[in-house]
There are 2 protein chains.
Amino acid sequence: MSLDRDEVVDAAVRILDDYGLGDLSMRRVADVLGVKAGALYWHVANKQSLLAAVADRVLAELAVVDVDAEPHQALTGWAHDLRRVLLAHRDSADLVATALASGLCQHDPLAGVAAVLARHEPAERADWGARALLHLVLGHVAEEQNVALFAQLGSLDVVPGGQDAAFTHAVTALVSGLLALTTLKE
Amino acid sequence: MSLDRDEVVDAAVRILDDYGLGDLSMRRVADVLGVKAGALYWHVANKQSLLAAVADRVLAELAVVDVDAEPHQALTGWAHDLRRVLLAHRDSADLVATALASGLCQHDPLAGVAAVLARHEPAERADWGARALLHLVLGHVAEEQNVALFAQLGSLDVVPGGQDAAFTHAVTALVSGLLALTTLKE
DNA sequence: ACCTGAACACCGTTCAAGT
DNA sequence: ACCTGAACACCGTTCAAGT
(Lines give C-alpha, C1' and ligand atoms only; values in the text may rest on other atoms or scores of the structure.)
Protein backbone atom coordinates (compact mmCIF):
# COMPACT_ATOMS: atom_id res chain seq x y z
CA MET A 1 0.00 0.00 0.00
CA SER A 2 1.53 3.30 -1.06
CA LEU A 3 1.42 6.73 0.49
CA ASP A 4 -1.42 9.16 0.15
CA ARG A 5 -1.54 12.96 0.15
CA ASP A 6 -3.90 12.91 3.12
CA GLU A 7 -1.52 10.75 5.11
CA VAL A 8 1.26 13.24 4.48
CA VAL A 9 -0.88 16.09 5.75
CA ASP A 10 -1.99 13.95 8.70
CA ALA A 11 1.60 13.35 9.69
CA ALA A 12 2.41 17.05 9.37
CA VAL A 13 -0.51 18.02 11.61
CA ARG A 14 0.59 15.46 14.17
CA ILE A 15 4.12 16.86 14.27
CA LEU A 16 2.78 20.40 14.54
CA ASP A 17 0.54 19.50 17.47
CA ASP A 18 3.15 17.45 19.30
CA TYR A 19 6.39 19.29 18.61
CA GLY A 20 5.58 22.66 17.03
CA LEU A 21 6.32 24.46 13.80
CA GLY A 22 10.06 24.47 14.37
CA ASP A 23 10.16 20.68 14.18
CA LEU A 24 7.87 20.46 11.17
CA SER A 25 10.46 19.65 8.51
CA MET A 26 9.99 17.60 5.37
CA ARG A 27 12.54 15.11 6.66
CA ARG A 28 10.69 14.74 9.95
CA VAL A 29 7.38 14.18 8.18
CA ALA A 30 9.06 11.58 6.00
CA ASP A 31 10.54 9.85 9.05
CA VAL A 32 7.14 9.58 10.71
CA LEU A 33 5.80 7.97 7.56
CA GLY A 34 8.74 5.57 7.29
CA VAL A 35 9.81 7.02 3.98
CA LYS A 36 12.64 9.13 2.55
CA ALA A 37 12.21 12.90 2.26
CA GLY A 38 12.24 12.92 -1.52
CA ALA A 39 9.18 10.69 -1.61
CA LEU A 40 6.99 13.47 -0.23
CA TYR A 41 7.46 15.49 -3.39
CA TRP A 42 5.39 12.98 -5.32
CA HIS A 43 2.36 13.92 -3.19
CA VAL A 44 3.06 17.55 -2.43
CA ALA A 45 4.54 20.31 -4.59
CA ASN A 46 6.74 21.77 -1.84
CA LYS A 47 6.78 22.57 1.85
CA GLN A 48 4.82 25.77 1.38
CA SER A 49 1.82 23.95 -0.07
CA LEU A 50 2.06 21.27 2.59
CA LEU A 51 1.81 24.02 5.20
CA ALA A 52 -1.19 25.44 3.37
CA ALA A 53 -2.84 22.04 3.53
CA VAL A 54 -2.14 21.90 7.25
CA ALA A 55 -3.68 25.36 7.64
CA ASP A 56 -6.75 24.13 5.76
CA ARG A 57 -7.08 21.25 8.20
CA VAL A 58 -7.07 23.71 11.08
CA LEU A 59 -9.56 26.06 9.43
CA ALA A 60 -11.86 23.14 8.63
CA GLU A 61 -12.56 22.87 12.35
CA LEU A 62 -14.34 26.23 12.36
CA ALA A 63 -18.04 26.21 13.04
CA VAL A 64 -20.22 27.58 10.24
CA VAL A 65 -21.38 31.15 10.72
CA ASP A 66 -25.10 31.80 10.86
CA VAL A 67 -25.49 34.70 8.46
CA ASP A 68 -28.92 35.59 9.79
CA ALA A 69 -27.88 35.73 13.43
CA GLU A 70 -27.64 38.94 15.39
CA PRO A 71 -24.49 40.64 14.03
CA HIS A 72 -22.70 41.42 17.29
CA GLN A 73 -23.16 37.86 18.47
CA ALA A 74 -22.22 36.39 15.10
CA LEU A 75 -18.96 38.36 14.88
CA THR A 76 -17.77 37.88 18.45
CA GLY A 77 -18.80 34.23 18.30
CA TRP A 78 -16.74 33.69 15.17
CA ALA A 79 -13.72 35.39 16.72
CA HIS A 80 -13.87 33.22 19.80
CA ASP A 81 -14.37 30.12 17.69
CA LEU A 82 -11.35 30.98 15.57
CA ARG A 83 -9.24 31.47 18.68
CA ARG A 84 -10.43 28.15 20.06
CA VAL A 85 -9.44 26.34 16.87
CA LEU A 86 -6.06 28.05 16.70
CA LEU A 87 -5.21 27.34 20.32
CA ALA A 88 -5.93 23.67 19.64
CA HIS A 89 -2.91 23.48 17.31
CA ARG A 90 0.50 24.68 18.42
CA ASP A 91 1.96 27.66 16.53
CA SER A 92 -1.04 27.64 14.20
CA ALA A 93 -1.66 31.40 14.20
CA ASP A 94 1.62 32.20 12.45
CA LEU A 95 1.12 29.21 10.19
CA VAL A 96 -2.42 30.18 9.17
CA ALA A 97 -1.48 33.82 8.68
CA THR A 98 1.29 33.07 6.20
CA ALA A 99 -0.62 30.24 4.55
CA LEU A 100 -3.59 32.53 3.90
CA ALA A 101 -1.30 35.18 2.44
CA SER A 102 0.31 32.60 0.17
CA GLY A 103 -2.98 32.08 -1.63
CA LEU A 104 -2.60 28.31 -1.43
CA CYS A 105 -5.39 27.70 1.08
CA GLN A 106 -8.70 26.25 -0.07
CA HIS A 107 -10.56 27.65 2.91
CA ASP A 108 -11.61 31.28 3.12
CA PRO A 109 -12.35 31.88 6.78
CA LEU A 110 -13.58 35.39 6.01
CA ALA A 111 -16.56 34.39 3.90
CA GLY A 112 -19.02 33.94 6.75
CA VAL A 113 -18.26 37.06 8.73
CA ALA A 114 -17.98 39.19 5.61
CA ALA A 115 -21.47 38.04 4.63
CA VAL A 116 -22.81 39.09 8.02
CA LEU A 117 -21.37 42.57 7.66
CA ALA A 118 -22.46 42.78 4.04
CA ARG A 119 -26.05 42.84 5.21
CA HIS A 120 -25.42 46.24 6.74
CA GLU A 121 -22.83 47.90 4.50
CA PRO A 122 -21.22 47.72 1.05
CA ALA A 123 -19.27 44.58 0.22
CA GLU A 124 -15.90 46.32 0.21
CA ARG A 125 -16.32 47.75 3.68
CA ALA A 126 -17.68 44.42 4.91
CA ASP A 127 -14.52 42.79 3.66
CA TRP A 128 -12.37 45.37 5.42
CA GLY A 129 -14.20 44.74 8.68
CA ALA A 130 -13.93 40.97 8.38
CA ARG A 131 -10.22 41.19 7.70
CA ALA A 132 -9.72 43.53 10.63
CA LEU A 133 -11.30 40.97 12.92
CA LEU A 134 -9.21 38.19 11.39
CA HIS A 135 -6.03 40.18 11.89
CA LEU A 136 -6.89 40.99 15.47
CA VAL A 137 -7.51 37.33 16.28
CA LEU A 138 -4.42 36.09 14.45
CA GLY A 139 -2.26 38.74 16.08
CA HIS A 140 -3.60 38.03 19.52
CA VAL A 141 -3.27 34.24 19.32
CA ALA A 142 0.13 34.53 17.66
CA GLU A 143 1.36 36.42 20.69
CA GLU A 144 -0.12 33.85 23.03
CA GLN A 145 1.51 31.00 21.15
CA ASN A 146 4.86 32.71 20.70
CA VAL A 147 5.03 33.61 24.37
CA ALA A 148 4.27 29.98 25.19
CA LEU A 149 6.99 28.92 22.76
CA PHE A 150 9.69 31.15 24.23
CA ALA A 151 8.59 30.37 27.77
CA GLN A 152 9.04 26.69 27.02
CA LEU A 153 12.47 27.36 25.51
CA GLY A 154 13.38 28.95 28.80
CA SER A 155 14.23 32.30 27.26
CA LEU A 156 11.24 33.94 28.88
CA ASP A 157 10.15 33.99 32.49
CA VAL A 158 6.52 34.89 31.92
CA VAL A 159 3.71 32.51 32.69
CA PRO A 160 1.63 32.02 29.56
CA GLY A 161 -2.13 31.70 29.57
CA GLY A 162 -4.87 33.75 31.16
CA GLN A 163 -5.52 35.87 28.09
CA ASP A 164 -9.24 35.21 27.90
CA ALA A 165 -10.30 38.54 29.39
CA ALA A 166 -7.84 40.50 27.25
CA PHE A 167 -9.05 38.74 24.13
CA THR A 168 -12.71 39.24 24.94
CA HIS A 169 -12.12 42.92 25.58
CA ALA A 170 -10.26 43.37 22.30
CA VAL A 171 -12.88 41.56 20.24
CA THR A 172 -15.77 43.34 21.91
CA ALA A 173 -14.18 46.70 21.20
CA LEU A 174 -13.50 45.98 17.55
CA VAL A 175 -16.90 44.44 16.85
CA SER A 176 -18.66 47.32 18.59
CA GLY A 177 -16.66 49.79 16.56
CA LEU A 178 -17.30 47.99 13.29
CA LEU A 179 -21.04 47.81 13.86
CA ALA A 180 -21.19 51.41 15.02
CA LEU A 181 -19.57 52.49 11.76
CA THR A 182 -22.06 50.49 9.68
CA THR A 183 -25.12 52.02 11.24
CA LEU A 184 -23.64 55.44 10.67
CA LYS A 185 -23.29 54.66 7.00
CA GLU A 186 -26.56 52.92 6.14
CA MET B 1 39.89 47.63 13.69
CA SER B 2 37.61 44.90 14.94
CA LEU B 3 33.90 44.33 14.58
CA ASP B 4 31.24 45.95 16.70
CA ARG B 5 27.83 44.80 17.85
CA ASP B 6 26.20 47.77 16.16
CA GLU B 7 27.85 46.95 12.86
CA VAL B 8 26.45 43.44 13.06
CA VAL B 9 22.95 44.77 13.60
CA ASP B 10 23.48 47.33 10.84
CA ALA B 11 24.39 44.60 8.40
CA ALA B 12 21.36 42.55 9.43
CA VAL B 13 19.01 45.50 8.89
CA ARG B 14 20.53 46.09 5.48
CA ILE B 15 19.97 42.49 4.43
CA LEU B 16 16.42 42.59 5.75
CA ASP B 17 15.62 45.74 3.79
CA ASP B 18 17.27 44.62 0.57
CA TYR B 19 16.58 40.89 0.46
CA GLY B 20 13.99 40.05 3.12
CA LEU B 21 13.79 37.85 6.18
CA GLY B 22 14.34 34.65 4.21
CA ASP B 23 17.83 35.77 3.26
CA LEU B 24 18.73 37.04 6.71
CA SER B 25 21.03 34.23 7.82
CA MET B 26 24.00 34.41 10.15
CA ARG B 27 26.27 33.31 7.33
CA ARG B 28 24.93 36.05 5.07
CA VAL B 29 25.44 38.71 7.72
CA ALA B 30 28.98 37.46 8.23
CA ASP B 31 29.64 37.57 4.48
CA VAL B 32 28.53 41.19 4.27
CA LEU B 33 30.93 42.03 7.08
CA GLY B 34 33.79 40.12 5.47
CA VAL B 35 34.01 37.71 8.38
CA LYS B 36 33.25 34.06 9.14
CA ALA B 37 29.89 33.08 10.66
CA GLY B 38 31.38 31.97 13.95
CA ALA B 39 32.78 35.43 14.58
CA LEU B 40 29.27 36.85 15.03
CA TYR B 41 28.79 34.86 18.19
CA TRP B 42 31.34 36.98 19.93
CA HIS B 43 29.05 40.00 19.53
CA VAL B 44 25.64 38.38 19.67
CA ALA B 45 24.32 35.51 21.78
CA ASN B 46 22.40 33.86 18.95
CA LYS B 47 20.25 34.61 15.92
CA GLN B 48 17.15 35.16 18.02
CA SER B 49 18.72 38.04 19.93
CA LEU B 50 20.14 39.51 16.73
CA LEU B 51 16.62 39.55 15.33
CA ALA B 52 15.42 41.23 18.51
CA ALA B 53 18.08 43.90 18.04
CA VAL B 54 16.89 44.41 14.46
CA ALA B 55 13.32 44.73 15.73
CA ASP B 56 14.50 47.36 18.21
CA ARG B 57 16.06 49.32 15.37
CA VAL B 58 12.73 49.32 13.57
CA LEU B 59 10.76 50.28 16.66
CA ALA B 60 13.19 53.10 17.40
CA GLU B 61 11.84 54.90 14.35
CA LEU B 62 8.46 55.36 16.02
CA ALA B 63 7.44 58.88 16.88
CA VAL B 64 6.86 59.56 20.56
CA VAL B 65 3.23 59.55 21.64
CA ASP B 66 1.83 62.71 23.17
CA VAL B 67 0.09 61.38 26.25
CA ASP B 68 -1.93 64.54 26.68
CA ALA B 69 -3.30 64.63 23.13
CA GLU B 70 -6.89 63.91 22.29
CA PRO B 71 -7.22 60.12 22.73
CA HIS B 72 -8.82 59.21 19.39
CA GLN B 73 -6.18 61.16 17.51
CA ALA B 74 -3.34 59.81 19.65
CA LEU B 75 -4.35 56.18 19.15
CA THR B 76 -5.08 56.31 15.42
CA GLY B 77 -1.96 58.40 14.90
CA TRP B 78 0.19 55.84 16.67
CA ALA B 79 -1.33 53.00 14.64
CA HIS B 80 -0.61 54.77 11.37
CA ASP B 81 2.88 55.64 12.49
CA LEU B 82 3.58 52.03 13.44
CA ARG B 83 2.36 50.87 10.04
CA ARG B 84 4.56 53.45 8.33
CA VAL B 85 7.62 52.26 10.21
CA LEU B 86 6.86 48.59 9.52
CA LEU B 87 6.26 49.12 5.83
CA ALA B 88 9.67 50.79 5.62
CA HIS B 89 11.38 47.46 6.43
CA ARG B 90 10.59 44.33 4.48
CA ASP B 91 8.94 41.48 6.44
CA SER B 92 9.26 43.50 9.62
CA ALA B 93 5.75 42.81 10.95
CA ASP B 94 6.41 39.10 11.43
CA LEU B 95 9.86 39.88 12.73
CA VAL B 96 8.66 42.43 15.29
CA ALA B 97 5.77 40.22 16.40
CA THR B 98 7.98 37.28 17.27
CA ALA B 99 10.77 39.46 18.65
CA LEU B 100 8.35 41.17 21.03
CA ALA B 101 7.03 37.80 22.18
CA SER B 102 10.55 36.56 22.78
CA GLY B 103 11.03 39.16 25.48
CA LEU B 104 14.42 40.15 24.09
CA CYS B 105 13.43 43.58 22.80
CA GLN B 106 14.47 46.69 24.67
CA HIS B 107 11.67 48.75 23.22
CA ASP B 108 8.12 48.54 24.49
CA PRO B 109 5.99 50.08 21.74
CA LEU B 110 2.89 49.79 23.92
CA ALA B 111 3.99 52.14 26.66
CA GLY B 112 2.76 55.33 24.99
CA VAL B 113 -0.66 54.19 23.89
CA ALA B 114 -1.26 52.32 27.12
CA ALA B 115 -0.58 55.55 28.99
CA VAL B 116 -3.12 57.39 26.87
CA LEU B 117 -5.79 54.83 27.63
CA ALA B 118 -4.79 54.68 31.28
CA ARG B 119 -6.06 58.22 31.68
CA HIS B 120 -9.57 56.95 31.08
CA GLU B 121 -9.67 53.44 32.52
CA PRO B 122 -7.82 51.03 34.84
CA ALA B 123 -4.26 50.09 33.88
CA GLU B 124 -5.13 46.49 33.08
CA ARG B 125 -7.85 47.41 30.62
CA ALA B 126 -5.62 50.10 29.11
CA ASP B 127 -3.00 47.44 28.51
CA TRP B 128 -5.57 45.17 26.87
CA GLY B 129 -6.64 47.95 24.55
CA ALA B 130 -3.11 48.91 23.62
CA ARG B 131 -2.26 45.31 22.83
CA ALA B 132 -5.41 44.93 20.75
CA LEU B 133 -4.33 47.87 18.62
CA LEU B 134 -0.80 46.50 18.34
CA HIS B 135 -2.11 43.10 17.23
CA LEU B 136 -4.43 44.64 14.68
CA VAL B 137 -1.60 46.67 13.14
CA LEU B 138 0.88 43.78 13.18
CA GLY B 139 -1.69 41.42 11.68
CA HIS B 140 -2.66 43.87 8.99
CA VAL B 141 0.87 44.78 7.94
CA ALA B 142 1.97 41.15 8.15
CA GLU B 143 -0.66 40.29 5.56
CA GLU B 144 0.43 43.16 3.35
CA GLN B 145 4.06 42.11 3.54
CA ASN B 146 3.39 38.41 3.12
CA VAL B 147 1.19 39.01 0.09
CA ALA B 148 3.96 41.15 -1.37
CA LEU B 149 6.42 38.36 -0.63
CA PHE B 150 4.42 35.62 -2.32
CA ALA B 151 3.51 37.88 -5.21
CA GLN B 152 7.19 38.49 -5.80
CA LEU B 153 7.89 34.76 -5.62
CA GLY B 154 5.36 34.36 -8.42
CA SER B 155 3.16 32.03 -6.41
CA LEU B 156 0.43 34.63 -6.19
CA ASP B 157 -1.26 36.64 -8.91
CA VAL B 158 -2.60 39.42 -6.72
CA VAL B 159 -1.39 42.98 -6.99
CA PRO B 160 -0.15 44.11 -3.58
CA GLY B 161 -0.66 47.57 -2.21
CA GLY B 162 -3.67 49.81 -1.94
CA GLN B 163 -4.50 48.80 1.61
CA ASP B 164 -4.62 52.29 3.05
CA ALA B 165 -8.40 52.55 3.11
CA ALA B 166 -8.81 49.09 4.60
CA PHE B 167 -6.26 49.85 7.29
CA THR B 168 -7.79 53.20 8.17
CA HIS B 169 -11.21 51.63 8.45
CA ALA B 170 -9.94 48.85 10.71
CA VAL B 171 -8.06 51.21 13.01
CA THR B 172 -10.92 53.69 13.21
CA ALA B 173 -13.31 50.93 14.17
CA LEU B 174 -11.10 49.51 16.90
CA VAL B 175 -10.15 52.87 18.37
CA SER B 176 -13.79 53.98 18.39
CA GLY B 177 -14.78 50.77 20.08
CA LEU B 178 -12.02 51.01 22.68
CA LEU B 179 -12.86 54.57 23.60
CA ALA B 180 -16.59 53.84 23.70
CA LEU B 181 -15.94 51.08 26.20
CA THR B 182 -13.84 53.37 28.42
CA THR B 183 -16.47 56.06 28.72
CA LEU B 184 -18.99 53.42 29.65
CA LYS B 185 -16.75 52.32 32.50
CA GLU B 186 -15.56 55.56 33.99
C1' DA C 1 3.07 5.00 -10.27
C1' DC C 2 5.77 5.54 -6.47
C1' DC C 3 10.02 5.39 -3.87
C1' DT C 4 15.31 5.26 -2.80
C1' DG C 5 20.00 7.03 -2.88
C1' DA C 6 22.65 10.42 -3.34
C1' DA C 7 23.72 14.66 -4.19
C1' DC C 8 23.49 20.13 -4.10
C1' DA C 9 23.43 24.21 -1.78
C1' DC C 10 22.33 25.72 2.13
C1' DC C 11 21.29 26.39 7.63
C1' DG C 12 22.61 27.71 13.29
C1' DT C 13 25.94 26.78 16.57
C1' DT C 14 30.22 25.29 18.93
C1' DC C 15 34.93 25.43 19.89
C1' DA C 16 39.80 24.40 19.61
C1' DA C 17 43.28 26.89 17.77
C1' DG C 18 45.38 30.89 16.15
C1' DT C 19 46.78 36.17 16.61
C1' DA D 1 39.97 40.30 22.90
C1' DC D 2 38.56 38.79 18.66
C1' DC D 3 38.57 35.80 14.70
C1' DT D 4 39.36 31.39 11.68
C1' DG D 5 38.79 26.54 10.42
C1' DA D 6 36.47 22.93 10.77
C1' DA D 7 33.22 20.30 12.32
C1' DC D 8 28.22 18.72 13.92
C1' DA D 9 23.64 18.08 13.08
C1' DC D 10 20.54 19.69 10.53
C1' DC D 11 17.60 22.01 6.31
C1' DG D 12 14.50 21.99 1.24
C1' DT D 13 14.73 20.26 -3.18
C1' DT D 14 16.06 17.60 -7.34
C1' DC D 15 16.54 13.60 -9.98
C1' DA D 16 18.60 9.51 -11.93
C1' DA D 17 17.79 5.02 -10.96
C1' DG D 18 15.25 1.32 -9.20
C1' DT D 19 10.65 -1.59 -8.62
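Located above this text is the structure these notes cover.
Keep in mind that this is a model prediction, so the values were computed, not measured. (Residues numbered from 1 in each chain as written. Chains lettered and ligands numbered in written order. Predicted model: local features only at pLDDT ≥ 70, side-chain atom pairs only at ≥ 80, totals over all residues. Heavy atoms only, no water.)

A few points about the pattern of salt bridges
For the structure shown, the criterion picks out 20 salt bridges over all chains. Here B:D6 makes a salt bridge to B:R57, at a shortest N to O gap of 3.4 Å. Highlighted residues: B:D6 in helix α1 (residues 5–19) and B:R57 in helix α3 (residues 47–59), separated in sequence by 51 residues. On the accessibility criterion, B:D6 (45% relative accessible area) is partly exposed. Between B:R83 and B:E144 there is a salt bridge, with the nearest N and O atoms lying 2.8 Å from each other. A residue pair is termed long-range when its members are at least 10 positions apart, and B:R83 in helix α4 (residues 71–87) and B:E144 in helix α7 (residues 123–152) qualify at 61 residues. Judged by its relative accessible area of 8%, B:R83 is buried. One salt-bridge network, in which partners are shared between bridges, spans A:D6, A:D10 and A:R57. (Salt bridge = Lys/Arg side-chain N within 4 Å of Asp/Glu carboxyl O. Helix = DSSP H or I, 4+ residues; strand = E, 2+ residues; numbered from the N terminus. Buried < 20%, exposed > 50% of the residue type's maximum accessible area, 1.4 Å probe, protein only.)

Looking at the packing of helix α6 (residues 110–118) of chain A against helix α7 (residues 123–152) of chain A
Helix-helix packing is described using two parameters, namely the angle between the two axes and the distance between the axes. All names here are of chain A. Contact geometry of α6 with α7 gives a least axis separation of 8 Å together with a crossing angle of 135 degrees. Relative to α7, the element α6 is oriented oblique. Judged by the twist between their axes, the crossing of α6 over α7 is right-handed. In this structure, α6 contributes L110, V113, A114, L117 and A118 to the contact, and α7 contributes A126, D127, G129, A130, R131 and L134. Residue classes in the contact of α6 with α7 are distributed as eight nonpolar, one polar and two charged. (Axes fitted to C-alpha atoms, helices over the stretch in contact; angles between N-to-C directions. Parallel < 35°, antiparallel > 145°, perpendicular 65-115°, else oblique. Left-handed = near helix turned anticlockwise from the far one by under 90°. Contact = heavy atoms within 4.5 Å. Nonpolar A, V, L, I, M, F, W, Y, C, P; charged D, E, K, R; others polar.)

Focus on the relation of the copies chain A and chain B
There are two copies of the chain, and a rotation about an axis plus a shift along that axis relates them. In screw terms, the move from chain A to chain B is a rotation of 180 degrees and a rise of 0.0 Å along the axis, fitting with an RMSD of 0.0 Å. In short, the pair behaves as if placed about a two-fold rotation axis. Comparing contact sets, 100% of the residues at the interface of chain A also lie at the interface in chain B, consistent with an isologous, same-surface contact. (Least-squares fit on C-alpha atoms with pLDDT ≥ 70 in both.)

Let's talk about the interface of chain A and chain B
Chain A puts 34 residues into the contact, and the matching count from chain B is 34 residues. Here chain A packs against chain B, burying approximately 3,000 Å² in sum over the two surfaces, 67% of which is carbon and sulfur. It is A:W128, A:H135 and A:H169 that lose the most area in chain A upon contact with chain B, and together they represent 21% of the buried surface on that side. The interface formed by chain A and chain B includes two salt bridges. Between A:R131 and B:E143 there is a salt bridge, with its nearest N and O atoms 3.5 Å apart. Remark: the boundary between chain A and chain B carries six residue pairs in polar contact (both at pLDDT 80 or more). Broken down by secondary-structure element, the contributors of at least two residues to the side of chain A that touches chain B are α5 (92–102), α7 and α8 (164–185) of chain A. Looking at side-chain class alone, the side of chain A that touches chain B contains 15 nonpolar, 14 polar and five charged residues. (Buried area = accessible area lost by both parts, 1.4 Å probe. Polar contact = N/O pair within 3.5 Å; in protein donor to acceptor, adjacent residues only side chain to side chain.)

Side note on helix α6 (residues 110–118) of chain B
When α6(B) is considered as a whole, its buried residues turn out to be B:L110, B:V113, B:A114, B:V116 and B:L117. End-on, the buried residues of α6(B) take up no more than an arc of 155 degrees, which puts them together on one face. (Arc of directions from axis to C-beta.)

Focus: the protein's contact with DNA strand C
Among the 17 residues in the neighbourhood of DNA strand C, the closest are listed as A:L3, A:K36, A:H43, B:R27 and B:Y41. In DNA strand C, atoms within 4 Å of the protein come from the sugar-phosphate backbone in 65% of cases. Within the backbone of B:K47, an N or O atom sits 2.9 Å from a phosphate oxygen of DNA strand C. Residue composition of the surface near DNA strand C, grouped by class: seven nonpolar, six polar and four charged. (Near = heavy atom within 4 Å.)

Structural notes on the packing of aromatic side chains
Residue and element names in this part refer to chain A. Taken as a whole, this structure holds zero aromatic pairs over all chains when the rule is applied. Between the NZ or CZ atom of R28 and the centre of the ring of Y19, over which it lies, the distance is 4.7 Å. Over the face of the ring belonging to F167 we find R83, whose NZ or CZ atom lies 4.8 Å from the ring centre. (Phe/Tyr/Trp six-rings, centres within 6.5 Å; stacked < 30°, edge-to-face > 60°. Lys NZ or Arg CZ within 6 Å of the ring centre and 35° of its normal.)

Overview of the nonpolar core
For soluble globular proteins, the rule of thumb is that nonpolar side chains tend to be buried together. A:L86 and B:L86 are the most contacted members of the largest nonpolar core, which has 80 residues in total. Excluding residues that lie within four positions of it along the chain, B:L86 makes contacts with B:V58, B:S92, B:A93, B:V96, B:V137, B:L138, B:V141 and B:Q145. (Core = buried A, V, L, I, M, F, W, Y, C linked by side-chain atoms within 4.5 Å.)

A look at the protein's contact with DNA strand D
Close to DNA strand D lie 17 residues, the nearest being A:R27, A:Y41, B:L3, B:K36 and B:H43. Among atoms of DNA strand D positioned within 4 Å of the protein, sugar and phosphate together represent 64%. Here a phosphate oxygen of DNA strand D and a side-chain polar atom of A:S25 are 3.1 Å apart. At 2.4 Å, a side-chain N or O of A:R27 approaches a base nitrogen of DNA strand D.

Regarding unusual backbone geometry
All names here are of chain A. A positive phi angle, near 60 degrees, is found at D91, a position not held by glycine. Structurally, D91 can be placed in the loop between α4 (71–87) and α5. Take D91: its relative accessible area is 9%, and that puts it in the buried class.

Section: the side chain of B:D56
All names here are of chain B. Position of D56 relative to the elements: it lies in helix α3. Buried and unpaired, D56 has R5 as its nearest opposite-charge partner, separated by 7.3 Å. Apart from the residues lying within four places of it in its own chain, the contact partners of D56 are L104, C105, Q106 and H107. (Lys, Arg positive; Asp, Glu negative; His and termini not counted.)

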